[in-house]
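Here is what each chain is made of, one letter per residue.
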Amino acid sequence: MNPTFAPSALAYMVLAVLYQHRSATTAQLQEMLCPDKDISYVRDQVRKLRQHGLVESVALREPRTAKLSYLTAAGMAIAAEMPEVSDRTSPLQNLADVAARILLPHSQAVLTTHLAFLADARRRGDDYHPLDWAPETMHRLSDRKTDAVRSDALMRYTANKPDGRVHLRAFVEVDRATYGSEKLVGKLTAYARFWQLRPFQGGGRRPTIESTQAEPAWVEFYPRFPRLLFVFAGGSKTTRERRIEDLQAAAASNRRVREMLQEVKAGAVLLERISPSKTQPDAGPSDPVWVSLADSDRRPCGWMDL
């Protein structure tokens, strides 16, 4: 890298965003960082970063004109020191590799969900920014390495309402119907375990989900337990609607889940109902399209009204 290279403010944010979100197309970078600018400006900034060995790009099959950008090892090393993302870890990507491309449809669905919230927040005048969406957030449930709740993203959102600012958080799960409903329901029960988890009051013992006088473990991370938002992005419409019904059934029949949802807001939606398109350019997550997991008879509402 040329030691005299001084990235623009936009190029700086491209590095931070690619570190946080792993990869993005040029159009997605424009939508996240500067929707009011021409895409050629973003393309030029990415090209400069690529020339200095900080970013690599690969062509996508669909759409064929799109290029997906990700950080090189040199770009990762710089981005990891940025104060905006220094509290995060980010795996090194190589999207020329077959394994990375296999995982790409899911990561793209997660990013598309983020963009839907971002566009909606801008229309509403709320405070929600490209780095307020933290992919792959994990909390351990025990000392066993694989025993954890892993959300596709943790969202931090501030709504500006007439009576004041409201700070909201949500765990977001993006489902592409690539595994059975039992595993999907298992994610909901894992959140219920995390909600109930209490640190053991004594030495040498692992945390427990049994009722104790200790505060829940989650209060160390959150002032209130985040909402649970399930977004369905794969399979037929019938398949996705049935998977929502499976979550609602688990919410009604599982004691832990039922108790959690008495306090924790939870809902589900089909991705196309919150994503802007040519036929519905103003669609967004605040529209009354979310169904409650706790009450299958309740009318759909916006995600903040669950």
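Residues numbered from 1 in each chain as written. Predicted model: local features only at pLDDT ≥ 70, side-chain atom pairs only at ≥ 80, totals over all residues. Heavy atoms only, no water.

As a packed pair, helix H2 (residues 26-33) and helix H3 (residues 39-51) sit with axes 9 Å apart at the nearest point and diverge in direction by 110 degrees. Classified by the angle their axes make, H2 and H3 are roughly perpendicular. Viewed along their axes, H2 and H3 form a crossing whose handedness is right-handed. Each of Thr26, Ala27, Leu29 and Gln30 in H2 lies in contact with H3, whose residues at this interface are Ile39, Val42, Arg43 and Val46. Classifying every residue of the contact of H2 with H3 by side-chain character gives five nonpolar, two polar and one charged. (Axes fitted to C-alpha atoms, helices over the stretch in contact; angles between N-to-C directions. Helix = DSSP H or I, 4+ residues; strand = E, 2+ residues; numbered from the N terminus. Parallel < 35°, antiparallel > 145°, perpendicular 65-115°, else oblique. Left-handed = near helix turned anticlockwise from the far one by under 90°. Contact = heavy atoms within 4.5 Å. Nonpolar A, V, L, I, M, F, W, Y, C, P; charged D, E, K, R; others polar.)

Turning next to the sheet that holds strand E1 (residues 23-25). Strand order in this open sheet of three strands is E1-E3-E2, and the pairing throughout is antiparallel. This sheet does not close on itself; its edge strands, each paired only once, are E1 and strand E2 (55-59). With strand direction ignored, the average angle separating the axes of adjacent strands in the sheet is 30 degrees. Note that E1 and strand E3 (residues 67-71) share three bridges and pair antiparallel. For alanine 24, the partnering residue across the bridge sits in E3 and is serine 69. Against the sheet, H2 touches E1 and E3, its axis set at about 95 degrees to E1. (Pairing = 2+ DSSP bridges.)

For the pair helix H6 (residues 181-196) and helix H7 (residues 237-253), the least separation of the axes is 10 Å and the interaxial angle reads 50 degrees. In terms of orientation, H6 lies oblique with respect to H7. You can see that H6 and H7 cross each other, and the crossing is right-handed. For the pair formed by H6 and H7, the contact residues are Ser181, Leu184, Val185 and Leu188 on the first element and Arg243, Asp246, Leu247, Ala250 and Ala251 on the second. When the residues that make up the contact of H6 with H7 are grouped by side-chain class, the tally is six nonpolar, one polar and two charged.

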